[in-house]
Amino acid sequence: MSLWRYANPAEFMRLTGPMLPVLWALTAVCLVVGLGWGFFLTPDDYQQGATVKVLFVHVPAALMAINAWLMMLVASLVWFVRRHHVSALAARAAAPVGATMTVIALVTGAIWGEPMWGTWWAWDPRLTSFFILFLFYLGYIALWSAVEDPDTAADLTAVLCLVGSVFALLSRYAVFFWSQGLHQGPSLSMDAASHVDTAFYRPLLVAIAGFVLLFVSLVLTRTRTEIRLRRLRALQALEARA
Amino acid sequence: MSAILAAIVPDLDRYAGTVLGAYAVTLALIAVLVGASWSRSVRVRRALERLEAARREKR
């Protein structure tokens, strides 16, 4: 059995239909447990006080902002190479989700930064690359809406996605490239000595799982809507011709 | 009641605005995104079902 059979819209709809209720239920459980654990049951940090609780919304949102773009990159490459419409529609469906995650990361970062850094915003490498990533999201969404022919729109947005990937990767690795700036190093690491304390690490992992599941559930729901919308437009065009 | 709330809700001290603000923005944006995605999904599905039913009747 080939994975590519799910590039067929009918197969995709058949597979994802029964999956979605389970995915939404898991999303709700992980978000409630992760954010509840982080907010109610974690201690204050010895340096940051109670503001450390912002970690449980800021880090998962920032992670998903970058990973959403990377998912769009993979889907765009699949569109380029194999011309599967479902992959182009999945990339389109993911963009508003990624843009929202970027806004959450930027806003919660600013809210957190004000008491910790003494400023809402600084042109720090990571913050700046994240802001540029947000502009790429807006451009990507606008380009899909601006081009009438869906295949041309998919081609042009795929090129934009390739270019924007530089900033997605830069947002992820800016803290390694440049040592200057206000933003601290990564909160997550495979090395137990360099990541946040275990008291924060475990609820953070659950919150991240919640955000990942939220992203998957939203993208599948929105991709199904895009597939239906395309069929609706095709049928409307047939009716108009008849 | 207030004693129970005091035991559950953490003491955020002078950072209450920061922490509650960050959670409120996050939850509000997620709610808007989920709500908009669901309502659009339902709207499109109903429109497609109506059109398909009309085409079946025609035949």
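Computed from a predicted model, the values in this text were never measured in an experiment.

Visitor: Explain the overall build of chain A to me, and be specific about the residues and the numbers.
Guide: Scanning chain A for helices and strands turns up six helices and zero strands. By principal-axis analysis of the C-alpha atoms, chain A measures approximately 70 × 35 × 30 Å. Here chain A holds 242 residues, and 40% of them are scored as buried. Counting only contacts in chain A whose residues sit at least 6 apart along the sequence, the fraction spanning at least 24 positions is 77%.

Visitor: Can you lay out the overall build of chain B for me, pointing to particular residues and giving the numbers?
Guide: Broken down by element type, chain B carries two helices and zero strands. Its C-alpha atoms give chain B a radius of gyration of 23 Å, clearly above 10 Å, the size a compact globule of 59 residues would have. Among the 59 residues that make up chain B, the fraction classed as buried is 12%.

Visitor: Explain the environment of A:Thr100 to me, using residue names and the numbers behind them.
Guide: Tracing the backbone through its elements, the reader meets A:Thr100 in helix α3 (residues 85-117). Each C-alpha atom of the pair A:Thr100 and A:Ala61 lies 8.6 Å from the other, and the pair is 39 residues apart in sequence. For A:Thr100, the residues in contact, after removing those within four places along its chain, are B:Leu29 and B:Leu33.

Visitor: Requested: an account of the nonpolar core, with residues and values cited.
Guide: Counting residues in hydrophobic clusters, the biggest one holds 66 residues, and the most contacted among them are A:Ala61, A:Ala65, A:Ala68 and A:Ala94. The set of elements that each furnish at least two residues to this core consists of α1 (9-40), α2 (55-82), α3, α4 (125-146), α5 (150-177) and α6 (198-241) of chain A together with α2 (16-58) of chain B. For A:Ala61, the contacting residues outside a window of four places in its chain are A:Met101, A:Ile104, A:Ala105, A:Thr108, A:Phe211 and B:Thr26.

Visitor: How would you explain the interface of chain A and chain B if you had to name every residue and give the values?
Guide: Across the boundary between the two partners, chain A contributes 31 residues, which contact 25 residues of chain B. Where the side of chain A that touches chain B is concerned, the elements lending two or more residues are α1, α2, α3 and α6 of chain A. Top contributing element to the side of chain A that touches chain B by residue count: α6(A), with twelve residues. Residue composition of the side of chain A that touches chain B, grouped by class: 18 nonpolar, eight polar and five charged.

Visitor: Lay out the packing of α3(A) against α6(A) with the relevant residues and their values.
Guide: All names here are of chain A. Between α3 and α6, the least distance of the axes is 8 Å, while the angle of their chain directions is 125°. Classified by the angle their axes make, α3 and α6 are oblique. Here the hand of the crossing between α3 and α6 comes out right-handed. Of the residues in α6, those in contact with Val86, Leu89, Ala90, Arg92, Ala93, Ala94 and Val97 of α3 are Phe215, Leu218, Val219, Arg222, Thr223, Glu226 and Ile227. The residue makeup of the contact of α3 with α6, split by class, is ten nonpolar, one polar and three charged.

Visitor: Describe the environment of B:Leu33, and please don't skip the residues or the numbers.
Guide: By the element assignment, B:Leu33 lies in helix α2. By the C-beta count within 10 Å, which is 20 here, B:Leu33 ends up buried. Not counting the four nearest positions on each side in its chain, B:Leu33 is found in contact with A:Val97, A:Thr100 and A:Leu218.

Visitor: Any details on unusual backbone geometry? Residues and values, ideally.
Guide: A positive phi is found at A:Arg83, a non-glycine position, where the angle reads about 55°. With respect to the helices and strands, the residue A:Arg83 is situated in the loop between α2 and α3. Phi is positive for B:Asp13, close to 55°, though the residue is something other than glycine. With respect to the helices and strands, B:Asp13 occurs in the loop between α1 (2-8) and α2. With 11 C-beta atoms packed within 10 Å, B:Asp13 lands in the exposed category.

Visitor: Break down α2(A) for me, with residues and values.
Guide: Here α2(A) is 28 residues long and its end C-alpha atoms lie 40 Å apart, about the 40 Å a rise of 1.5 Å per residue gives. Phi turns positive, to about 55°, at A:Arg83, one or two residues after α2(A).

Visitor: Quick rundown of the confidence of the model for chain B? Include the residues and the values.
Guide: When pLDDT is averaged across chain B, the result is 90; 97% of the residues are at 70 or more. Here the predicted complex scores 0.91 on pTM and 0.90 on ipTM.

Visitor: Describe the packing of α1(A) against α6(A), with residues and values.
Guide: Residues and elements named next belong to chain A. The N-to-C vectors of α1 and α6 enclose an angle of 150°; their axes lie 7 Å apart at closest approach. As summarised for this structure, α1 and α6 are arranged roughly antiparallel, according to the angle between their axes. For the pair α1 and α6, the crossing hand works out as left-handed. Considered class by class, the residues forming the contact of α1 with α6 number 22 nonpolar, seven polar and one charged.

Cut-offs and rules
- Residues numbered from 1 in each chain as written.
- Chains lettered and ligands numbered in written order.
- Predicted model: local features only at pLDDT ≥ 70, side-chain atom pairs only at ≥ 80, totals over all residues.
- Helix = DSSP H or I, 4+ residues; strand = E, 2+ residues; numbered from the N terminus.
- Buried ≥ 20, exposed ≤ 12 C-beta atoms within 10 Å, placed from the backbone.
- Contact = placed C-beta atoms within 7 Å.
- Rg over C-alpha atoms; globule rule 2.2 N^0.38 Å.
- Core = buried A, V, L, I, M, F, W, Y, C linked by C-beta atoms within 7 Å.
- Nonpolar A, V, L, I, M, F, W, Y, C, P; charged D, E, K, R; others polar.
- Axes fitted to C-alpha atoms, helices over the stretch in contact; angles between N-to-C directions.
- Parallel < 35°, antiparallel > 145°, perpendicular 65-115°, else oblique.
- Left-handed = near helix turned anticlockwise from the far one by under 90°.
- Expected span 1.5 Å × (residues − 1).
- pLDDT = per-residue confidence, 0-100.

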